[in-house]
Amino acid sequence: QVQLVESGGGLVQPGGSLRLSCAASGFTLDYYSIGWFRQAPGKEHEGISCISSSDGSTHYADSAKGRFTISRDNAKNTVYLQMNSLKPEDTAVYYCTAETGPACMGRGYWGQGTQVTVSS
């Protein structure tokens, strides 16, 4: 059974940090491009970051550059999103995705999401 499970969300003050995890079961993550998307209330899904299956290159949305870091631990079959200097506008449900091909288009597997709330 193919499954992605996100964890690590929660409530954090502005300027704080969180590390999200995306654990895969039923398949091996390193053969897939892994993406992080988020959806804020009333808004469309937004692609935040991607780590490509083709060469391991990483990509970030402008809103995440310099603050978020995506990484992969193949031994644990897990991908992480380290989020620093969090802002209230980062509040959203965060999803990880996995798909074949070199890009993260959100057309493959999705996890159930984890809530991130940035508030004082």
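Given the structure is predicted, the values throughout are model-derived calculations rather than measurements.

Q: Would you take a moment to explain the packing of aromatic side chains for this structure?
A: What describes a pair of aromatic rings is the distance from one ring centre to the other and the angle between the planes of the rings. By the definition in use, this model includes 5 aromatic pairs. Centre to centre, the rings of Phe27 and Tyr109 are 5.3 Å apart; their planes meet at 40 degrees, and the pair counts as tilted. With a gap of 82 residues between them, Phe27 in the loop between β3 (18-25) and β4 (33-39) and Tyr109 in strand β10 (residues 109-110) connect regions that are remote in the sequence. Between Tyr32 and Tyr109 the ring centres are 6.2 Å apart and the planes differ by 50 degrees, which places this aromatic pair in the tilted class. Placement of the pair is Tyr32 in the loop between β3 and β4 and Tyr109 in strand β10, with a sequence separation of 77 residues. We classify Tyr32 as buried; its relative accessible area is 16%. Among the residues examined, Tyr109 registers a relative accessible area of 35% and is labelled partly exposed. In this structure an aromatic cluster arises from ring pairing among Phe27, Tyr32 and Tyr109.

Q: Is there a simple way to think about the state of the cysteines in this case?
A: Tallied over the full model, the rule gives 2 disulfides. Two residues, Cys22 and Cys96, share a disulfide whose sulfurs are 2.0 Å apart. On the sign convention where negative is left-handed, the bridge of Cys22 and Cys96, at about 65 degrees about the S-S bond, is right-handed. Separated by 74 residues along the polypeptide, Cys22 in strand β3 and Cys96 in strand β9 (residues 92-99) bring together distant segments of the chain. Looking at Cys22, the relative accessible area reads 0%, which means it is buried. Regarding the disulfides, the protein chain carries the connectivity 1-3, 2-4 under sequence-order numbering of its bonded cysteines.

Q: How do you make sense of the pattern of salt bridges when you look at a structure like this?
A: Where side chains of opposite charge bring their charged atoms close, a pairing between them can arise. In this structure the tally under the stated criterion is 4 salt bridges. Across the pair Asp90 and Arg38 runs a salt bridge whose closest N-O atoms are separated by 2.9 Å. Residue Asp90 is found in the loop between β8 (78-83) and β9, and its partner Arg38 is found in strand β4; the two are separated by 52 residues along the sequence. Taking the relative accessible area as the measure of exposure, Asp90 reaches 1% and is therefore buried. Judged by relative accessible area, which is 6%, Arg38 ranks as buried. In this structure, a network of salt bridges that share partners links the residues Arg38, Glu46, Arg67 and Asp90.

Q: What am I meant to see in the sheet that holds β8 here?
A: For sheets, the rule is that strands pair by backbone hydrogen bonds, running either parallel or antiparallel. With antiparallel pairing, 4 strands are arranged side by side in an open sheet as β1-β3-β8-β7. Only two strands of the sheet have a single partner each, and these edge strands are β1 (3-7) and β7 (68-73). When the angles between neighbouring strand axes are averaged without regard to direction, this sheet yields 15 degrees. Sheet topology places β7 next to β8; 6 bridges connect them, and they run antiparallel. The residue of β8 that forms the bridge with Arg72 is Val79.

Rules used throughout
Residues numbered from 1 in each chain as written. Predicted model: local features only at pLDDT ≥ 70, side-chain atom pairs only at ≥ 80, totals over all residues. Heavy atoms only, no water. Phe/Tyr/Trp six-rings, centres within 6.5 Å; stacked < 30°, edge-to-face > 60°. Helix = DSSP H or I, 4+ residues; strand = E, 2+ residues; numbered from the N terminus. Buried < 20%, exposed > 50% of the residue type's maximum accessible area, 1.4 Å probe, protein only. Disulfide = S-S within 2.5 Å. Salt bridge = Lys/Arg side-chain N within 4 Å of Asp/Glu carboxyl O. Pairing = 2+ DSSP bridges. Axes fitted to C-alpha atoms, helices over the stretch in contact; angles between N-to-C directions.

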